[in-house]
Amino acid sequence: MSALDIAKLLRRVGRITETDTAASPSDYTPPAALAGSVQVRHVDCGSCNGCEIELAGAFGPVYDAERYGARLVASPRHADVLAVTGAPTRNLAEPLRRSVEAAPRPRVVLAIGDCAAGEGAYAQGYAVVGGVADIVPVDLVVRGCPPPPDAIVAALRQVTGK
Ligand code: SF4
């Protein structure tokens, strides 16, 4: 298919996105300084990768979290939001602590998935510390195993206000 054919196809089909119907995950009020746009650093502290797939979906072309002002970045030093997934393991507790500490204030810690919330499939595992809140302060929690992309987008929208 040529570039011209692709352009014609895009014009004919238009933009296809699903309506974001997820309710806000809590009545948390984010820092006013973060309204409008946030930089998001993903931190995996012991995930099975299920939450990562949904997080990738949240930033993919269908759910497109960027249209609501949330953008992934490569370092916690550039981040306003730490999106933490997984059941925090003993050997990743300290890297999680350091990652959150590296993010400038004001910052938001978003725990994604039942494991990050301190429950779920691995909660009683010998290598699991507990939930993310047992290691660092958590502002928002998105429940589910894994939570769907629209729930993740809803939580990010709660921070950006868009
Ligand atoms: S909440 Fe479910 S999908 Fe996410 S890391 Fe835990 S087991 Fe995997």
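Residues numbered from 1 in each chain as written. Predicted model: local features only at pLDDT ≥ 70, side-chain atom pairs only at ≥ 80, totals over all residues.

K.L.:
Mind showing me how you'd approach the site of the ligand here?
P.N.:
Not every one of the 14 residues close to the ligand is listed here, only the nearest: Cys48, Gly50, Gly113, Cys115 and Cys145. Grouping the amino acids of the shell around the ligand by side-chain chemistry returns 7 nonpolar, 6 polar and 1 charged. (Near = placed C-beta within 6 Å. Nonpolar A, V, L, I, M, F, W, Y, C, P; charged D, E, K, R; others polar.)

K.L.:
Honestly, the pairing of strand β3 (residues 81–85) in this entry has me stumped. Any pointers?
P.N.:
Within β3, 5 of the 5 residues are buried, leaving the element largely enclosed by the surrounding structure. Of the two faces of β3, the one holding Val81, Ala83 and Thr85 and the one holding Leu82 and Val84 are both buried throughout. Where strand β1 (residues 38–44) meets β3, 5 bridges bridge the pair, whose relative direction is parallel. Looking at the pairing, Val40 lines up with Val81 of β3. Pairing geometry for β3 and strand β4 (residues 108–112), over 5 bridges, is parallel. Note on β4: the bridge partner recorded for Leu82 is Val109. Of the crossover connections in this fold, the one passing from β3 over helix α3 (residues 90–102) to the parallel β4 is right-handed. (Buried ≥ 20, exposed ≤ 12 C-beta atoms within 10 Å, placed from the backbone. Helix = DSSP H or I, 4+ residues; strand = E, 2+ residues; numbered from the N terminus. Pairing = 2+ DSSP bridges. Right-handed = clockwise from strand over helix to strand, strands pointing away.)

K.L.:
Is there a simple way to think about the pairing of β4 in this case?
P.N.:
The side chains of a regular strand alternate, first on one face of the sheet and then on the other. Most of β4 sits inside the fold, with 5 of its 5 residues counted as buried. With burial as the criterion, each face of β4 is covered, one bearing Val108, Leu110 and Ile112 and the other bearing Val109 and Ala111. Two elements, β4 and strand β5 (residues 140–142), share 3 bridges in a ladder whose sense is parallel. The residue of β5 that forms the bridge with Leu110 is Leu140.

K.L.:
Got a minute to help me understand the UniProt feature "domain: NADH:ubiquinone oxidoreductase-like 20kDa subunit" (unreviewed entry) in the protein chain in this structure?
P.N.:
Feature annotation in UniProt assigns "domain: NADH:ubiquinone oxidoreductase-like 20kDa subunit" (unreviewed entry) to the following positions: residues 48–158. Along residues 48–158 one finds 29% helix and 14% strand; the C-alpha atoms at either end are 26 Å apart. (UniProt positions renumbered as here; feature names shortened; annotations may be inferred.)

K.L.:
So what exactly am I meant to see when it comes to the nonpolar core here?
P.N.:
Counting residues in each nonpolar core, the largest one holds 44 residues, and the members touching the most others are Leu82, Val84, Leu110, Ala111 and Ile112. Among the elements of the structure, β1, α2 (50–58), β3, α3, β4, β5 and α4 (149–160) are those that each provide at least two residues to this core. Looking at this core element by element, the count peaks at 7 residues for α4. Other than its neighbours up to four places away in sequence, Leu110 contacts Val81, Leu82, Ala83, Val84, Asp139, Leu140, Val142 and Ala155. (Core = buried A, V, L, I, M, F, W, Y, C linked by C-beta atoms within 7 Å. Contact = placed C-beta atoms within 7 Å.)

K.L.:
I'm lost on unusual backbone geometry in this one. Help?
P.N.:
Note: most peptide bonds trans; most residues except glycine with negative phi. Geometrically, the link from Arg105 to Pro106 is a cis peptide bond, its omega value of -5° lying close to zero. With respect to the helices and strands, the residue Pro106 is situated in the loop between α3 and β4. A cis amide bond, omega -10°, links Cys145 with the succeeding residue Pro146. Within the secondary structure, Pro146 sits in the loop between β5 and α4. Look at Asn49: it is not a glycine, yet its phi comes out positive at around 95°. By secondary structure assignment, the location of Asn49 is in the loop between β1 and α2.

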